[in-house]
Amino acid sequence: MDIDYAAIEAERERIRGRYLSERRGPSSARGLHHFALISSDVERTIRFYDELLEFPLTEIFENRDYRGSNHFFFDIGNGNLLAFFDLPGLDLGPYKEVLGGLHHIAISVEPSTWERLRGKLDAAGVPYQEESGTSIYFRDPDGARLELLADPLGEMYGTRVL
């Protein structure tokens, strides 16, 4: 398949010109309340996120939409939460990364924490891909792709994105 990279770049520049502004208004949002994923094993998920990645479990209660299901939360800093549901009795099968679905969740950590967590991933035998010396991509126990990023919030590889 031939890809017209010049046309893609021209379209990107057109979009930048139309929508990016130095004087953009404030967002109507206060922040990301939580991002929800599915867990096939509650305790395994808690061990992975709380113990391995050091994202403290903040609460667990019954899911209001599905009796017997747990809804549980991890603190990922800056007032943001990563949440999970387990859905007992539903045969959802394994996680699948599909076009149009979740690609990955990028979570910013301090550079020293990034180094420590990379060592913990090594010690736990979790395979990962390191990119640009500041990103580690890996999968959680259910297959969701995560990225630990040593860049500050609002920056990506030295570029201000916020």
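Quantities reported herein were computed from a predicted structural model and do not represent experimental measurements. Throughout this description, residue numbers start from 1 for each chain and increase along the sequence as written. Totals for whole chains, interfaces and linings use all residues, but because this is a predicted model, local features are given only for residues with pLDDT of at least 70 and pairs of side-chain atoms are given and counted only at 80 or more. Hydrogen atoms and water are omitted, and side-chain values are computed over all heavy atoms in the structure.

*Asks:* Even after reading the chapter, I still don't get the overall build of the protein chain, so can you show me in this structure?
*Replies:* What counts as a helix is a DSSP run of H or I of at least four residues, what counts as a strand is a run of E of at least two, and both are numbered from the N terminus. Along its length, the protein chain carries 3 helices and 10 strands. With the C-alpha coordinates aligned to their principal axes, the bounding extent of the protein chain is approximately 50 × 40 × 35 Å. Note on classification: 1.4 Å probe, protein chains only; a residue is buried when its accessible area is under 20% of the maximum for its type, exposed when over 50%, partly exposed between these limits. Counting all 162 residues of the protein chain, 30% fall into the buried class. For the protein chain, the share of sequence-separated contacts (at least 6 apart) that also reach a separation of at least 24 residues comes to 47%. Within the protein chain, the 28 negative side-chain charges are centred at a point lying 6 Å from the centre of the 18 positive side-chain charges. Contacts are assigned to residue pairs that have any heavy atoms within 4.5 Å of one another. Just so you know, the count uses Lys and Arg for positive and Asp and Glu for negative, and it drops His and the chain ends. Charged groups are reduced to one reference atom each: NZ for lysine, CZ for arginine, CG for aspartic acid, CD for glutamic acid.

*Asks:* Mind showing me how you'd approach the pattern of salt bridges here?
*Replies:* Pairing of side chains with opposite charge becomes possible as their charged atoms draw close. The term salt bridge refers to a side-chain nitrogen of Lys or Arg lying within 4 Å of a carboxyl oxygen of Asp or Glu. This model, assessed by the stated rule, comprises 11 salt bridges. With a shortest N-O distance of 2.4 Å, Glu115 and Arg118 are connected by a salt bridge. Here Glu115 and its partner Arg118 are both found in helix α3 (residues 111-124), 3 residues apart, which amounts to about one turn of the helix. The class of Glu115 is partly exposed, set by a relative accessible area of 41%. The salt bridge involving Glu155 is made with Arg160; its shortest N-O contact spans 3.6 Å. By relative accessible area, which is 54% here, Arg160 ends up exposed. Salt bridges here are not isolated pairs; linked through shared partners, they connect Glu54, Arg116 and Lys120.

*Asks:* Hey, could you run me through the pairing of strand β3 (residues 70-75) in this one?
*Replies:* A pair of strands is considered paired only if DSSP assigns at least 2 bridges between the two. Note that strand β2 (residues 57-62) and β3 share 5 bridges and pair antiparallel. Paired with Glu59 across the bridge in β3 is Phe73. Sheet topology note: the β3/strand β4 (residues 81-85) ladder contains 5 bridges and is antiparallel. Residue pairing across strands places Phe73 opposite Ala83, the latter belonging to β4. Adjacent in sequence and paired antiparallel, β3 and β4 are bridged by 5 residues, among which Gly77 carries a positive phi angle near 85 degrees.

*Asks:* Could you clarify how one ought to interpret the environment of Glu110 in this entry?
*Replies:* When you line up the elements, Glu110 lands in the loop between β5 (105-108) and α3. For the pair Glu110 and Leu90, spaced 20 residues apart in the sequence, the C-alpha separation amounts to 38 Å.

*Asks:* Which parts of the structure should I look at to understand the packing of aromatic side chains?
*Replies:* In this description, a pair of aromatic rings is defined by centroid distance and the angle of the planes. A pair of aromatic rings is counted whenever rings of Phe, Tyr or Trp (Trp by its six-membered ring) have centres within 6.5 Å, and the orientation is called stacked for planes under 30 degrees apart, edge-to-face for over 60 and tilted otherwise. Under the definition given, this model contains 9 aromatic pairs. Look at Phe48 and Tyr49: their rings are 5.1 Å apart centre to centre, the planes differ by 75 degrees, and that puts the pair in the edge-to-face class. A relative accessible area of 9% places Phe48 in the buried class. Here Tyr49 and Phe84 contribute two aromatic rings whose centre-to-centre distance is 4.9 Å and whose plane-to-plane angle is 50 degrees, an arrangement assigned as tilted. With Tyr49 in helix α2 (residues 42-52) and Phe84 in strand β4, this pair connects stretches of sequence that are 35 residues apart. On the accessibility criterion, Tyr49 (0% relative accessible area) is buried. Classification of Phe84 as buried rests on a relative accessible area of 0%.

*Asks:* Please explain the sheet that holds strand β8 (residues 145-149) as it appears in this structure.
*Replies:* Sheet strands pair by backbone hydrogen bonding; their relative direction is either parallel or antiparallel. Pairing is mixed across the open sheet formed by 4 strands, whose spatial order is β5-β8-β7-β6. The sheet is open, and its two edges are formed by β5 and β6 (128-131), each paired on a single side. Strand after strand, the sheet turns through a mean of 20 degrees between neighbouring axes, direction not considered. As paired strands, strand β7 (residues 135-139) and β8 are joined by 5 bridges and run antiparallel to one another. Its bridge partner lying in β8, Arg139 is registered against Arg145. Interaxial angles span 0 to 180 degrees and are taken between N-to-C directions of axes, which are lines fitted to C-alpha atoms, for helices over the stretch in contact.

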